[in-house]
Amino acid sequence: MDRVKAIALVLLAVCLCPPSALFPAEEAQVRTLPDPRWDGGRTLMQALKDRRSTREFAPQSLPDQVLSELLWAAYGVNRSDTGDRTAPSAHNRQEIDVYVTLRSGLYRYETATHSLRLVKAEDLPGLTGRQKFPATAPMNLVYVADFSRTLGVPPEAAIQAASVSAGAIVQNVYLYCASEGLGAVVRGWIDRPVLAKAMGLREDQYIVIAQTVGYPAGQ
Ligand SMILES: Cc1cc2nc3c(=O)[nH]c(=O)nc-3n(C[C@H](O)[C@H](O)[C@H](O)COP(=O)(O)O)c2cc1C
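Residues numbered from 1 in each chain as written. Predicted model: local features only at pLDDT ≥ 70, side-chain atom pairs only at ≥ 80, totals over all residues.

A. Quick peek at the overall build of the protein chain. Counting secondary structure elements, the protein chain contains eight helices and nine strands. Per-residue burial for the protein chain yields a buried fraction of 34% across its 219 residues. Across the protein chain, the fraction of contacts at a sequence separation of at least 24, relative to all contacts at a separation of at least 6, is 74%. (Helix = DSSP H or I, 4+ residues; strand = E, 2+ residues; numbered from the N terminus. Buried ≥ 20, exposed ≤ 12 C-beta atoms within 10 Å, placed from the backbone. Contact = placed C-beta atoms within 7 Å.)

B. Broad picture of the sheet that holds strand S5 (residues 105-110). What the seven strands build is an open sheet, ordered S1-S6-S5-S4-S7-S9-S8; its pairing is antiparallel. Among the strands making up the open sheet, the edge pair consists of strand S1 (30-32) and strand S8 (183-187). Taking the axes of each pair of neighbouring strands and ignoring which way they run, one obtains an average angle of 30 degrees across the sheet. Helix H5 (residues 64-75) rests against strand S4 (96-102), S5, strand S7 (139-146) and strand S9 (205-214) of the sheet, and its axis sits at about 160 degrees to S4. Sheet strands touched by helix H8 (residues 192-199): S4, S5, strand S6 (115-120) and S9. Its angle to S9, the strand with the most contacts, is close to 90 degrees. (Pairing = 2+ DSSP bridges. Axes fitted to C-alpha atoms, helices over the stretch in contact; angles between N-to-C directions.)

C. Inspection of the pairing of S9 at higher detail. The buried fraction of S9 is high, at nine of ten residues. Pairing analysis gives eight bridges linking S7 to S9, with the strands arranged antiparallel. Of the residues in S9, the one forming a bridge with Met139 is Val213. Where S8 and S9 come together, five bridges link them in antiparallel fashion. Within the sheet, the bridge partner assigned to Val186 lies in S9 and is Gln211.

Printed below as a string of structure tokens:
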């Protein structure tokens, strides 16, 4: 086959391909989550009674329903008219982004659409902490402050506010986990420069803390 024929064949193949085969579909980048159930779980008092840190996890993944409710509880929109959230933030700057490592990749929780946007189709859990269990747990949350939303705030105050906001999100996750029989542990022991590089973060994004979630081992 001469070159002209080969090029013509390639062009024909390209023309016949559906666009989704040529360009990654938007849907492939966005994982929609089911609506949370509002009547599930144990009472707040029971969840507070059971809240604790767990460091041994079963390998099983979290169902989408659980993922949805956990992320909504963490930092979802609970007032749709204003976009306000389940956790507070100083001056309502909402500077924390919740990143999620699943076995299928790294995602960012998009609060407005209650969905997960694929950031990297890579398995990063092993990088999210210096301990061994994050590598094998089904899910790690990484709380990242975006300081482009706190411009004009002195750095120390911005870090302090972001830490408090992330702490409130951490506790929301702990309580949801206690309410649903999941295990969780918040983790500050992270190699931040290595993880930030692997996640492709900008200079003005800062990893505040991480949290591992999964079903407790041996149940
Ligand atoms: C800011 C902060 C950082 C933490 N970092 C880690 C960590 O890197 N690894 C870990 O296994 N636990 C970590 N923890 C969890 C604590 O060890 C745990 O909360 C404490 O031992 C009390 O146990 P409890 O959560 O079961 O009440 C951290 C807790 C906080 C508040």
